[in-house]
Amino acid sequence: MALPAYADRWERIWHWVYLTFCTLVFLFLLLPVLVVVPLSFNAEPYFSFTEGMLTLDPAAYSLRWYRDILQNGMADPTQLFSGWSWIGDAWANSQWIHAAKNSIVIAIGATILSTLLGTVAALGLSQSILPGRRLIMALLISPMIVPIIVTSTSLYFLFSEIGLANTYLGLIVAHAILGTPFVVITVTSTLSGFDRSLIRAGQSLGASPLVVFQRVIMPLILPGILSGALFAFGTSFDEVVAVIFLADYDQRTIPRQMWSGLREQISPTILAVATILVAMSILLLTVVELLRRRSERLRGLTS
Amino acid sequence: MEQGRSIVHFVNVGKTYDGERLIVDDLSLEIARGEFLTLLGPSGSGKTTTLMMLAGFETPTRGQILLNGQEINRLAPHRRGIGMVFQNYALFPHMTVAENLAFPLNVRALGKAEVEARVIRALDLVKLGGFAARRPAQLSGGQQQRIAVARALIFEPELVLMDEPLGALDKQLREGMQYEIRELHQRLGVTIVYVTHDQAEALTMSDRIAVFDQGKIQQLASPTELYEKPRTSFVANFVGDNNLMAAEVDTLRSDHLCSVVLEGGDKVIAVATDDLMPGQKVMLSLRPERLRLDPDAGAGTSSRLKGVIEEIVYLGDHMRIFVRTANQVRFLIKAANKEPHHGLTKGGMLTFGWSAQDCRALPV
Amino acid sequence: MTVTVVTSPDDSRSIKRELTRSLRRRKLQALVLVAPLLLFILFMFIYPIGGMLLRSVYSPDFARAMPATVAAIAEWPGSGTPPEAAWAGVASDMVALQQRNEAGPVAAALNVEMSGARSLVLKTARNAGKLTAPYREAMVTLDPMWNDARIWQAIKRLSSPVTPRFYLAAVDMKVDEAGSIVSQPEDRQIYRSLFLRTLLISGVVTLCCLILGYPVAHLLANLPLRISNILMIFVLLPFWTSLLVRTTAWIVLLQKQGVVNSLLVWSHVLTDETRAELIFNRTGTILAMTHILLPFMILPLYSVMKTVSPVYVKAARSLGANQFVAFTKVYVPQTFAGVAAGCLLVFILAVGYYITPALVGGESGTLISNMIAYHIQKSLNWGLAAALGAILLTAILALYWTFNRLTKIDIIGLG
Ligand SMILES: Nc1ncnc2c1ncn2[C@@H]1O[C@H](COP(=O)(O)OP(=O)(O)O)[C@@H](O)[C@H]1O
Ligand SMILES: [Mg+2]
């Protein structure tokens, strides 16, 4: 945004104030996320930069907190790295690995469930003939609006009654509930931009309805489905309130483990975990962005 | 027409979406093999509905549609083998131009080599040889239009439907494309059913034109006949400019001529298009370019009137002159810009006339 | 267009019947597609929420646990102490409770009504086996508190399964001994101020987000796409980063031994002794929540600003307005939809926030959600938790509904 040539002095000053302000906000957004990264390599158990770190002394940096991720909870944490027995111990007993396994299983389960249900529902919702469409839509996206504490406690009572409390299935169901609105929204909005004459064009060119679905409809709405699925995955992977109420140690997920870490024995290990999660979110962001661009290109919005 | 000549036959076809209003009303129409037939009519007159019933996207409420003598009322669209060009082109945005063109061939399981050869030939046909690898979004409107035409023709259907295919193009491109489509039709010999609401487009392109109004065919005729001999006042008004005047039949004469009285009392001679009765209300149709400014010069002028010039609009190749007679009847005259028309000034008096053959009395 | 009626009425009727049938078939098809998710949401989401909300007015547990007492006390008008039948009822119920080891919840429920009742109930239950008729004397001997009329009034209040007491408690009111509705004593009023604090903090967070987000969204919407796509990462990366990671980051930054304090000490603004309390209080909550919710403000603002054509501002300037007037009078009004959507989204999310206040809020920065969790997990006063939840939910739904009515904007599509 270049300033026009006729701008007067006040406009110039204002312009620079504005740009500086925006820069500060961008830093405010990004720096807190990034600050955990260098601190996670701290050799000391502090949450601040040591003298050594600031002078870039290699001795001030270490991977000890990353090692701790694996060792925390191991049957024999003093054991030096010694091949399979060490790996086996970490895989079986490390608290964080336990949490990671749970997070992945639950997130994948919730993603599959919510993507399936959400996509099929979006196909129905996109038909204007559906009776009570507004009401149904409002119901389907209500999990986004209801405060998570209300949802979690409600499910806590229900699950205690029907035996889903402290089970993987219970968590998958809970996270699927929280994830479906994203799938419904992304897929319906993809479908609403979908040009129905393409279906007729496909049929007039000799393709049966099945072929039209496979080769015309599916490729065009797939990016929408995938980004909905990614949203659902991210929601589940990041969710902690429902886990607090609906899981015990066996189903503990990464955010839940961080939650206890932050409340009980806060150690820089959490920073190491946080760094790994930041790396994951960068990956997720990249994938979503690529999908979005692909979908725009497909729909001919950009070339 | 025997079976071999007609490719499509609508037999008393009716269509309603809501069970009350007939969008297409008792339509009977035969389309000859190889002809270029245009459905012309104002927006909402049922043209698209007619086309969609033929393509199979709508089912007729009653009546029959025959394709090559076979009833196709309930045949699925993808089994009809009818090519179609959509108004918004409906090119698949996720496929390249070549993939779009190959689509109908692939679903028909043609061999790879055959598909490639045909795609190249089709691209050449529409003069877009170098564009095979582009996405539709990377083409201009006119180019997309041509690919859409090529895609509808590539599987060699006998019949191709086009629903306002040029509606989204600007005037210049539209005229170029009209010519190209017309040429393709002549070269390939396919039957084309073409929908438009633009009467000039219909007149330039078609072998025959069916004028639609309120779900009914008002007149089905060649462009010349439609222009020269409109049978209803709707057609006379919709196709080309016209002076339309309410009148009443006075006396019938020989040679299909009759004498009619205009509102206000002027008496003129007109062609009786139908079996008219004295005293019947009619609508007079008089093309503005057939009105003569110098009625005494040429032979054959049968009626003449006098009026005040209200407005002169200069249009380069011709002028439009608006005249009001003493009896308050308004006329539009188109005068070719051949020699300067001196003495024509706003507010001046003008005598004009026409030949009885050019004035048609249409029943209302 | 004139209406052409289908000729014969018979014909018309059969056509209509067929149309209705095909319409119904298509409606059914659409419904079948929607049904699985709809049923899933109805049974696993709406139904349990209904069930929980029911707890806020319906609490049969006490009556179920003390059947004999409830039956006997129904006759008692409520003044003085009840007749012997009620005493006997309590004694027999206590025996049963002790056998089933279920005296705890009853004690807890009664303790909410009258402090000190917990130990009374537990003690009586322990000794219930030894009580003999006449029960009045036996129980008063065991604990003279049984002679207090208020404990019997509390029992009578609890014996009715449908009760307004949770809602009253949620707004710091109660039914007093005389049966009239009064405010809680000053020192026991917490919920009204907690609701107020929740609204206040959410309001402040929303305002901060708007002030920080508006210029940034404006910048993003007006830069060339190539640059704004890159800058967008600054907004989207925090958006996609785990909530707990961001909360952790704020703890690391703001705690006493954290980065900000160390920086201030290092630059001699503070000394080691005067390190500032930046977190575990209201400031911490507001700061962290603003950071976490800011993307939810920027994204809707951005998508609305993207649609505002620069032509209007140019037109205003050509009509003689300076930059400031053109901006405030022409540009800003066109972005109100985005402002409304962003504010609503941020406010709704903030009002229901749980994790961040719990971790960085300390005493003064916790919100209503934290109190609900406390009553579910610690105090086990589920009815009160349900009432607080119901009020929170109603407020949010009302806000959302009003917004939809007023603006007809679909915030969901923008978010
Ligand atoms: N699917 C439909 N449902 C209900 N009414 C329709 C439908 N399609 C078209 N119509 C109505 O039928 C009439 C004719 O439409 P159409 O055939 O598209 O006319 P044209 O193509 O000549 O403009 C219009 O009044 C339109 O509103
Ligand atoms: Mg049409």
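Residues numbered from 1 in each chain as written. Chains lettered and ligands numbered in written order. Predicted model: local features only at pLDDT ≥ 70, side-chain atom pairs only at ≥ 80, totals over all residues. Heavy atoms only, no water.

Novice: So what exactly am I meant to see when it comes to the domain arrangement of chain C here?
Specialist: One frequent convention defines the size of an interface as the accessible area lost when the parts assemble. Looking at chain C, the domain boundaries give domain 1 (61–159) and domain 2 (191–414). Computed over C-alpha atoms only, the centres of domain 1 of chain C and domain 2 of chain C are separated by 50 Å. (Domains from an automatic or database assignment.)

Novice: Would you take a moment to explain the pattern of salt bridges for this structure?
Specialist: Note that side chains of opposite charge can pair when their charged atoms are close. One pass over the full model with this rule turns up 29 salt bridges over all chains. Residue Arg118 of chain B pairs with Glu114 of chain B through a salt bridge whose shortest N-O separation is 3.0 Å. Taken as a pair, Arg118 of chain B and Glu114 of chain B lie in helix α3 (residues 112–125) at a separation of 4 residues, close to a single helical turn. Here Arg118 of chain B falls in the buried class, since its relative accessible area comes to 14%. Given the relative accessible area of 36%, Glu114 of chain B is considered partly exposed. A cluster of three or more residues bridged by salt bridges with shared partners is formed by Arg200 of chain A together with Lys15 and Glu58 of chain B. (Salt bridge = Lys/Arg side-chain N within 4 Å of Asp/Glu carboxyl O. Helix = DSSP H or I, 4+ residues; strand = E, 2+ residues; numbered from the N terminus. Buried < 20%, exposed > 50% of the residue type's maximum accessible area, 1.4 Å probe, protein only.)

Novice: For this particular structure, what's the right way to read the interface of chain A and chain B?
Specialist: On the chain B side, the residues contacting the 23 residues of chain A number 25 residues. Here chain A and chain B share an interface that buries about 2100 Å² over both sides, 67% of which is from carbon and sulfur atoms. When residues of chain A are sorted by the area they lose upon contact with chain B, Arg200, Leu205 and Arg215 of chain A head the list and together hold 34% of the total. Counting every contact that joins chain A to chain B gives 1 salt bridge. Linking Glu58 of chain B and Arg200 of chain A is a salt bridge whose minimum nitrogen-to-oxygen distance equals 3.8 Å. Across the contact surface, chain A and chain B share 4 residue pairs in polar contact (both at pLDDT 80 or more). (Contact = heavy atoms within 4.5 Å. Buried area = accessible area lost by both parts, 1.4 Å probe. Polar contact = N/O pair within 3.5 Å; in protein donor to acceptor, adjacent residues only side chain to side chain.)

Novice: What exactly am I supposed to notice about the sheet that holds strand β13 (residues 267–272) of chain B here?
Specialist: Paired through their backbone hydrogen bonds, the strands of a sheet run either parallel or antiparallel. All names here are of chain B. Read around the closed barrel, 5 strands run β11-β12-β13-β19-β14, paired in mixed fashion. Recorded for the sheet is a direction-independent mean angle of 55° between the axes of neighbouring strands. Taken together, the 6 bridges between strand β11 (residues 243–252) and strand β14 (residues 281–286) define a ladder with antiparallel strand orientation. Pairing of Asn243 across the sheet is with Leu286, part of β14. (Pairing = 2+ DSSP bridges. Axes fitted to C-alpha atoms, helices over the stretch in contact; angles between N-to-C directions.)

Novice: Just to check I follow, could you spell out the state of the cysteines for this structure?
Specialist: Chemically, a disulfide is nothing more than a covalent bond linking the sulfur atoms of two cysteines. Residues and elements named next belong to chain C. Under the defined criterion, the tally for this structure stands at 0 disulfides over all chains. Considering cysteine sulfurs only, Cys209 is the nearest to Cys208, which forms no disulfide, with 7.0 Å between them. Take Cys208: its relative accessible area is 26%, and that puts it in the partly exposed class. With a relative accessible area of 0%, Cys209 lands in the buried category. (Disulfide = S-S within 2.5 Å.)

Novice: I'm lost on the interface of chain C and chain A in this one. Help?
Specialist: Each partner contributes residues to the interface: chain C has 85 residues there, and chain A has 88 residues. Of the roughly 7800 Å² buried between chain C and chain A, counting both surfaces, carbon and sulfur atoms make up 83%. Area buried by chain C at its contact with chain A is led by Leu37, Phe45 and Trp240 of chain C, which between them contribute 10% of it. Counting across the chain C and chain A interface gives 1 salt bridge. As a salt-bridge pair, Glu11 of chain A and Arg317 of chain C come within 3.4 Å of each other at their nearest N and O atoms. Where chain C touches chain A, the interface holds 8 residue pairs in polar contact (both at pLDDT 80 or more). Sorting elements by how many residues they give to the side of chain C that touches chain A places helix α1 (residues 9–55) of chain C first, with 22 residues. Looking at the side of chain C that touches chain A residue by residue, the classes come out as 63 nonpolar, 17 polar and 5 charged. (Nonpolar A, V, L, I, M, F, W, Y, C, P; charged D, E, K, R; others polar.)

Novice: Would you mind showing me how to read the packing of aromatic side chains here?
Specialist: One pair of aromatic rings is described through two measures. These are the centre distance and the angle between the planes. The final tally for this structure, using the stated rule, is 22 aromatic pairs over all chains. Taken together, a centroid distance of 5.3 Å and an interplanar angle of 5° make the contact between Phe182 of chain A and Phe231 of chain A stacked. Residue Phe182 of chain A is located in helix α8 (residues 168–192), and its partner Phe231 of chain A is located in helix α10 (residues 209–238); the two are separated by 49 residues in the primary sequence. On the accessibility criterion, Phe182 of chain A (22% relative accessible area) is partly exposed. Members of the aromatic cluster, connected to one another through ring pairs, are Phe182 and Phe231 of chain A together with Phe239, Trp240 and Phe296 of chain C. Positioned above the aromatic ring of Trp91 of chain A, the side-chain terminus of Lys101 of chain A is 4.3 Å from the ring centre. Across from the ring centre of Phe157 of chain A, 3.9 Å away, lies the NZ or CZ of Arg55 of chain C, which sits over that ring. (Phe/Tyr/Trp six-rings, centres within 6.5 Å; stacked < 30°, edge-to-face > 60°. Lys NZ or Arg CZ within 6 Å of the ring centre and 35° of its normal.)

Novice: What exactly am I supposed to notice about the site of ligand 1 here?
Specialist: Residues and elements named next belong to chain B. Every residue near ligand 1 is listed here: Tyr17, Arg21, Ile23, Pro42, Ser43, Gly44, Ser45, Gly46, Lys47, Thr48 and Thr49. Take Gly44: an N or O atom from its main chain is 2.6 Å from an oxygen atom of ligand 1. Between an oxygen atom of ligand 1 and a side-chain N or O atom of Lys47, the distance comes to 2.9 Å. The fraction of the free accessible surface of ligand 1 (560 Å²) that becomes covered by protein chains is 61%. (Near = heavy atom within 4 Å. Areas by Shrake-Rupley, 256 points an atom, 1.4 Å probe, with all protein chains shown as cover.)

Novice: Can you help me understand the packing of helix α5 (residues 103–113) of chain C against helix α8 (residues 149–159) of chain C in this one?
Specialist: Helix packing geometry: the angle between the two helix axes and the distance between the axes. Residues and elements named next belong to chain C. Where α5 contacts α8, the two axes come as close as 10 Å, and the packing angle between them is 115°. One way to sum up the angle between α5 and α8 is to call them roughly perpendicular. Handedness of the α5/α8 crossing: right-handed. Between α5 and α8, the contacting residues are Ala109, Leu110 and Glu113 on the first element and Ile151, Ala154, Ile155, Arg157 and Leu158 on the second. Of the residues in the contact of α5 with α8, the class split is 6 nonpolar, no polar and 2 charged. (Parallel < 35°, antiparallel > 145°, perpendicular 65-115°, else oblique. Left-handed = near helix turned anticlockwise from the far one by under 90°.)

Novice: Looking at this structure, how should I read the environment of Leu140 of chain A?
Specialist: Position of Leu140 of chain A among the secondary structure elements: in helix α6 (residues 133–145). Leu140 of chain A sits in the buried class, given a relative accessible area of 0%. As a C-alpha pair, Leu140 of chain A and Pro181 of chain A span 41 residues in sequence and 6.3 Å in three-dimensional space. Those residues in contact with Leu140 of chain A, other than ones at most four positions away along the chain, are Ala121, Leu125 and Pro181 of chain A together with Val34, Leu37, Leu38 and Ile41 of chain C.

Novice: I keep staring at unusual backbone geometry and nothing clicks. Help me out?
Specialist: Glycine aside, negative phi is the norm for most residues, and most peptide bonds take the trans geometry. The peptide bond linking Ala133 of chain C to Pro134 of chain C adopts the cis configuration, its omega dihedral lying at -10°. Structurally, Pro134 of chain C is set in the loop between α6 (117–127) and α7 (135–142). Even without being a glycine, Asn12 of chain B presents a positive backbone phi close to 45°. Position of Asn12 of chain B among the secondary structure elements: in strand β1 (residues 6–16). For Tyr89 of chain B, which is not glycine, the phi torsion reads 75° and is therefore positive. Considering the arrangement of structural elements, one finds Tyr89 of chain B in the loop between β6 (82–85) and α2 (97–107).

Novice: What is the right way to read the pairing of strand β15 (residues 301–314) of chain B from this model?
Specialist: Residues and elements named next belong to chain B. Where β15 lies against strand β18 (residues 349–355), 7 bridges are found, and the strand directions are antiparallel. Within the sheet, the bridge partner assigned to Arg304 lies in β18 and is Gly353. When β15 meets strand β16 (residues 318–325), the two strands line up antiparallel, connected through 7 bridges. When the sheet's bridge partners are listed, Tyr314 is paired in β16 with Met319. Here β15 hands over to β16 after 3 residues, with Gly316 in that stretch at a positive phi of 85°.

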